[in-house]
Amino acid sequence: MHLRCSNTECAATLDLHDRALSCPVCAELLEVVIDPPTLSPAELRRVWLERRCSYDPRDLSGVWRFREFLPDGYSEIVTMGEGNCPLIKGKKTAQWAGLGNLRFKHLGWNPTACFKDLGMTVGVTEALFVGAKAVGCASTGNTSGSLAAYAARAGLHAKVYLPAGYVSANKLAQVLDFGAEVVQVDGNFDAALAQILRDANDGLYFLNSINPFRLEGQKIAMFEMLEQLGWQAPDYVVVPGGNLGNGSAFGKALEELHAAGFLDKLPRMVIVQAEGANPLAKLWRSGARELHPVEEPETAATAIRIGNPRSWKKALRTLHRTNGFVMDVSDQEIAEAKAMIGRDGIGCEPASATTLAALRKLARQGEIDRDAVVVAVLTGHALKDTDFIVNSHLREPALEGVCCA
Ligand code: F0G
């Protein structure tokens, strides 16, 4: 296994455990190249299922259970039993969206209540492996909570850069609880990311999703989802988009599984952004070749309040390779969809509700078949942003259109 430049025209390679954050030749992002597995898909499916009866910490993790598709060489892994997240049938939500076969892959069931733990178990394991003493990230809240927790488990110092005033109180509380050092940045996530990129050095191991090891862990959500679906690919996988690492990671998983013979077809990947933080959706609609960052991103879904997503090229590649697309939804649509997910007894944080909002829009416009098999990925737990919930219920019109029957 090794690192490779994600720019296919460059494709420069580096050793797997090199600490470079970007390609030394062309400066594009790096990705991990996984060696093709030696076992057949049928054999691996059996091994992965058998591991569910084991108490080996690697097998109790819903990430490391699929380790044949992860970076290797580690003598010690930092795990908290991440993954193992349910695939839940939408009921009222499906009816509301006008769909017959909707499921939610709920990654809010993770140890710190969001999908970032899937990536952090691999990222912090790698940090330990390369001898880091401190780890850092910029964050809209979730990455920092996850980083702080996994760093605490590993005995590493955590330093997180947060946009002052734009991180939910619940997420900030997690970061403080896990003992991270907090740098409040006067600016948005993009400014916080730029600042940590200036500060990151040999003494601070950088763990935003530019780090390819993070994405290796995050991609495993697709493995678990497909196992839960009996390895039958759904027609669509719908995922919120912020810095665009997660959609890219999911695309990588699907491509790897398809190439290894696990899947007959690739699901179409749909990435959903908030209207006020929608640089990829704008690029998609305009047909432009380069991303024009949104200078002042604005959305109540603060997790995805990002104007200059670093993984946009990887995400675009995923959309092209899976015949997918990107769209955006308004804050009002997000609030309604979120309330509806709550009514289904599931709950999620605002950014996650972009998925249901988008599906309803697509169904109403006749752009998605009623009987399509759809998986919407819920990235964070409802308790990640309780102010949003209370405020939208106090502000009555926000929930107009949500049927409570
Ligand atoms: N959903 C939630 C709940 C998130 O926290 C994020 C990103 C996303 C979706 C988007 O994922 O960035 O990979 O496209 N949160 C980051 C953070 C930016 O700092 O917690 P993405």
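Now for a quick tour of the structure.

Cut-offs applied
Residues numbered from 1 in each chain as written. Predicted model: local features only at pLDDT ≥ 70, side-chain atom pairs only at ≥ 80, totals over all residues. Heavy atoms only, no water. Buried < 20%, exposed > 50% of the residue type's maximum accessible area, 1.4 Å probe, protein only. Helix = DSSP H or I, 4+ residues; strand = E, 2+ residues; numbered from the N terminus. Pairing = 2+ DSSP bridges. Near = heavy atom within 4 Å. Polar contact = N/O pair within 3.5 Å; in protein donor to acceptor, adjacent residues only side chain to side chain. Areas by Shrake-Rupley, 256 points an atom, 1.4 Å probe, with all protein chains shown as cover. 1 Å grid on protein atoms, 1.4 Å probe; cavity = no way out; pocket = protein on both sides within 12 Å on 5 of 7 lines; lining within 4 Å. Sits in = over half its atoms within 2 Å of the grid points. Nonpolar A, V, L, I, M, F, W, Y, C, P; charged D, E, K, R; others polar. Axes fitted to C-alpha atoms, helices over the stretch in contact; angles between N-to-C directions. Points joined across faces, edges and corners; volume = space filled by probe spheres on them. Phe/Tyr/Trp six-rings, centres within 6.5 Å; stacked < 30°, edge-to-face > 60°. Lys NZ or Arg CZ within 6 Å of the ring centre and 35° of its normal. Arc of directions from axis to C-beta. Core = buried A, V, L, I, M, F, W, Y, C linked by side-chain atoms within 4.5 Å. Contact = heavy atoms within 4.5 Å.

**Points about the pairing of strand S3 (residues 30-33)**
Right, on to step 1. Side chains Leu30 and Val32 project from S3 onto one buried face, and the interleaved Glu31 and Val33 project onto a second face that is buried too.
Right, on to step 2. Relative to S3, strand S1 (residues 2-5) is paired through four bridges, and the arrangement is antiparallel. Looking across to S3, one finds that Cys5 is bridged to Leu30.

**Here's the deal with the site of the ligand**
Right, on to step 1. As a matter of local geometry, the ligand sits amid 20 residues, with Ser139, Gly242, Asn243, Leu244 and Thr379 nearest to it.
Right, on to step 2. Between Asn142 and the ligand, the recorded distance is 2.8 Å, taken from a side-chain N or O atom to an oxygen atom.
Right, on to step 3. Contacts to the ligand include Asn243, whose backbone N or O atom sits 2.7 Å from an oxygen atom.
Right, on to step 4. For the ligand, the protein covers 99% of the area, taking 480 Å² as the surface of the free molecule.
Right, on to step 5. More than half of the atoms of the ligand fall within 2 Å of the grid points belonging to the largest cavity.
Right, on to step 6. Listed by contribution, the elements that provide at least two residues to the shell around the ligand are helix H5 (142-154) and helix H9 (245-259).
Right, on to step 7. Counted by class, the shell around the ligand contains seven nonpolar, eleven polar and two charged residues.

**Structural notes on the sheet that holds S3**
Right, on to step 1. The strand order across the open sheet formed by three strands is S2-S1-S3, and the pairing between neighbours is antiparallel. A strand with exactly one partner marks an edge of an open sheet, and here the two such strands are strand S2 (13-15) and S3. Each strand axis lies, on average, 35° off the axis of its neighbour in the sheet, ignoring direction.

**Quick look at the sheet that holds strand S6 (residues 134-138)**
Right, on to step 1. One open sheet accounts for four strands, arranged S8-S7-S6-S9; its pairing is parallel. Lying at the two open borders of the sheet, with one neighbouring strand each, are strand S8 (181-185) and strand S9 (205-206).
Right, on to step 2. Sheet analysis places S6 next to strand S7 (residues 157-163), joined by five bridges and oriented parallel. From the neighbouring strand, Gly136 faces S7, where its bridge partner is Lys159.

**Quick notes on empty space enclosed by the protein**
Right, on to step 1. Enumeration over the complete set of coordinates arrives at two cavities of 30 Å³ or more.
Right, on to step 2. By volume, the largest cavity is sized at about 310 Å³.
Right, on to step 3. Along the wall of the largest cavity there are 26 residues; nearest its centre are Phe115, Lys116, Gly242, Asn243 and Ala303.
Right, on to step 4. Broken down by element, the residue count for the lining of the largest cavity peaks at three residues, all from H9.
Right, on to step 5. Grouping the constituent residues of the lining of the largest cavity by class yields nine nonpolar, 14 polar and three charged.
Right, on to step 6. Looking at the second largest cavity, its volume works out to about 90 Å³.
Right, on to step 7. Lining the second largest cavity are Leu30, Glu31, Val32, Pro212, Leu215, Glu216, Ser248, Lys252, Glu255, Lys314, Arg317 and Thr318.
Right, on to step 8. Going through the elements one at a time, S3, helix H8 (212-228), H9 and helix H11 (312-321) are the ones with two or more residues in the lining of the second largest cavity.
Right, on to step 9. Tallied by class, residues from the lining of the second largest cavity come to four nonpolar, two polar and six charged.

**Some points on the packing of aromatic side chains**
Right, on to step 1. Scanning all chains against the criterion turns up eleven aromatic pairs.
Right, on to step 2. One aromatic cluster is present, built from ring pairs that chain together Trp48, Phe66, Phe69, Phe223, Trp231 and Phe262.
Right, on to step 3. Lying over the aromatic face of Tyr166, Arg305 brings its terminal NZ or CZ to 3.5 Å of the ring centre.

**As for helix H7 (residues 189-199)**
In an α-helix, one turn spans 3.6 residues, which is why side chains three or four residues apart end up on the same side.
Right, on to step 1. Regarding H7, the residues found buried are Phe189, Asp190, Ala192, Leu193 and Ile196. The buried residues of H7 occupy an angular sector of 160° when projected down its axis, which confines them to one face.
Right, on to step 2. Its side-chain oxygen at 3.0 Å from the backbone nitrogen of Asp190, Asn188 defines the N-terminal cap of H7.

**Here we look at the nonpolar core**
Right, on to step 1. Core analysis: the biggest nonpolar cluster contains 78 residues, and Trp48, Val135 and Leu280 have the highest contact counts within it.
Right, on to step 2. In terms of residue count, H8 provides more of this core than any other element does, seven residues in total.
Right, on to step 3. Among all residues touching Trp48, those that are not within four sequence positions of it are Arg65, Phe66, Glu68, Phe69, Phe223, Glu227, Trp231 and Phe262.
Right, on to step 4. Counting 35 residues, the second-largest nonpolar core is a separate cluster that includes Val270, Ala301, Leu362 and Ala376.

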